[in-house]
Structures are given as C-alpha cells and as structure tokens.
Amino acid sequence: MTAPATERILIVAPRGRDGELTRALLARHGLAPELVAGVELLAPAVETAGCAVVTQEALIVESAGVLDAALAKQPPWCDFPILELSSPGRRLARELGNVTMLDRPIGPQ
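Residues numbered from 1 in each chain as written. Predicted model: local features only at pLDDT ≥ 70, side-chain atom pairs only at ≥ 80, totals over all residues. Heavy atoms only, no water.

Draft legend 1. Seen up close, the sheet that holds strand 5 (residues 99-103). If you walk across this open sheet you meet the 5 strands as 2-1-3-4-5, and the pairing is parallel. Each edge of the sheet is formed by a strand with only one pairing partner; in this case those strands are strand 2 (33-36) and strand 5. Strand-to-strand twist across the sheet, computed as the mean angle between neighbouring axes with direction ignored, equals 25°. (Pairing = 2+ DSSP bridges. Helix = DSSP H or I, 4+ residues; strand = E, 2+ residues; numbered from the N terminus. Axes fitted to C-alpha atoms, helices over the stretch in contact; angles between N-to-C directions.)

Now the structure itself:
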C-alpha cells in the first residue's frame, strides 16, 4: 500500500548503506519511506511526496540541477522540505529552499 502524498518520505542516498539504514530507522517509527535511485528520479516526485531525505553526496553530483529546476516549478505557497544528511562541518553552498541539515551519523535519538 502506498502512503498518501503528504506522508511519502523519499530517500536519496546513492553510496554505502545510508539509504537502507535511514529507511529502516524511519520504518521502525511507523513511517513508510521509499528509496529513490538518484536525484534525477527525485525531481519529478517532488509534487507527489511530503519530504525528502538526501545525502550530501547526492546533492553534489551534476544531476542535482534537476532538483533545483523541479523545486523552482513549485507554486509560491509550496516549500518542499529536504533533510540533508551531511558530514559535520561540511555544508553545501547551494541554496535549495527549505533544507534542514542533519549531521551524520544519525540515530534514533
């Protein structure tokens, strides 16, 4: 069963185990997260999801411009939330809008 659009949490974590660990952590708390293979696949899903969890590495790749374009197409009243998982002290200079940065490693606390 697919979660309603406002409850969909999309995860983009192309390297290592970040995606699966984040999915398992959120699922343990009753949420229904979905792994997405890349930023280019996340972009069209912005209109049908509640938020996204994206690793810093996924936002650095060239295809991240696709996400910028998708966010720019949103109506003025929308503010799609993005949780960026990043290394402590390493922040991206890009401005995507409604971004909350979380230091890795993350845990259930």
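Once you've had a look at it, read on.
Draft legend 2. How the structure looks around the side chain of Thr-55. Assignment of secondary structure puts Thr-55 in strand 3 (residues 51-55). If we ignore the near neighbours within four places in the chain, the residues touching Thr-55 are Val-12, Ala-13, Pro-14, Asp-18, Leu-85 and Arg-104. (Contact = heavy atoms within 4.5 Å.)

Draft legend 3. Broad picture of the pattern of salt bridges. Scanning the entire structure with this criterion turns up 2 salt bridges. The partner of Glu-34 in a salt bridge is Arg-8, with the nearest N and O atoms 2.9 Å apart. Note that Glu-34 is positioned in strand 2 and Arg-8 in the segment before strand 1 (9-12), a separation of 26 residues in sequence. Among the ionic pairs, Glu-20 bridges to Arg-23, the shortest N-O distance being 2.7 Å. Here Glu-20 and its partner Arg-23 are both found in helix 1 (residues 18-28), 3 residues apart, which amounts to about one turn of the helix. (Salt bridge = Lys/Arg side-chain N within 4 Å of Asp/Glu carboxyl O.)

Draft legend 4. Summary view of the pairing of strand 3. Of all 5 residues in strand 3, 5 are buried, a share of seventy percent or more. By the alternation rule, side chains of strand 3 split into Cys-51, Val-53 and Thr-55 and Ala-52 and Val-54, which are all buried. Here strand 1 pairs with strand 3 via 4 bridges, running parallel. Pairing of Leu-10 across the sheet is with Ala-52, part of strand 3. (Buried < 20%, exposed > 50% of the residue type's maximum accessible area, 1.4 Å probe, protein only.)

Draft legend 5. Fine view of the pairing of strand 4 (residues 82-86). Burial analysis of strand 4 places 4 of its 5 residues in the buried class, which makes it a mostly covered element. Note that strand 3 and strand 4 share 4 bridges and pair parallel. Among the inter-strand pairings, Thr-55 is bridged to a residue of strand 4, identified as Leu-85.

Draft legend 6. Looking closely at helix 1. Turning to helix 1, its buried residues are Gly-19, Thr-22, Leu-25 and Leu-26. In a view along the axis of helix 1, the buried residues occupy a sector of 135°, so they form one face of it. Where helix 1 is buried, its residues meet strand 1, strand 2, strand 3 and strand 4. Positive backbone phi, at 85°, marks Gly-30, one or two positions downstream of helix 1. (Arc of directions from axis to C-beta.)

Draft legend 7. Broad picture of the environment of Ile-11. Mapped onto the secondary structure, Ile-11 falls in strand 1. A relative accessible area of 1% means that Ile-11 is categorised as buried. In the structure, Ile-11 is positioned 72 residues away from Leu-83 in sequence and 9.3 Å away in space, judged by C-alpha atoms. Residues contacting Ile-11, with those up to four places away along its chain left out, are Gly-19, Thr-22, Arg-23, Leu-26, Pro-33, Glu-34, Leu-35, Val-36 and Val-53.

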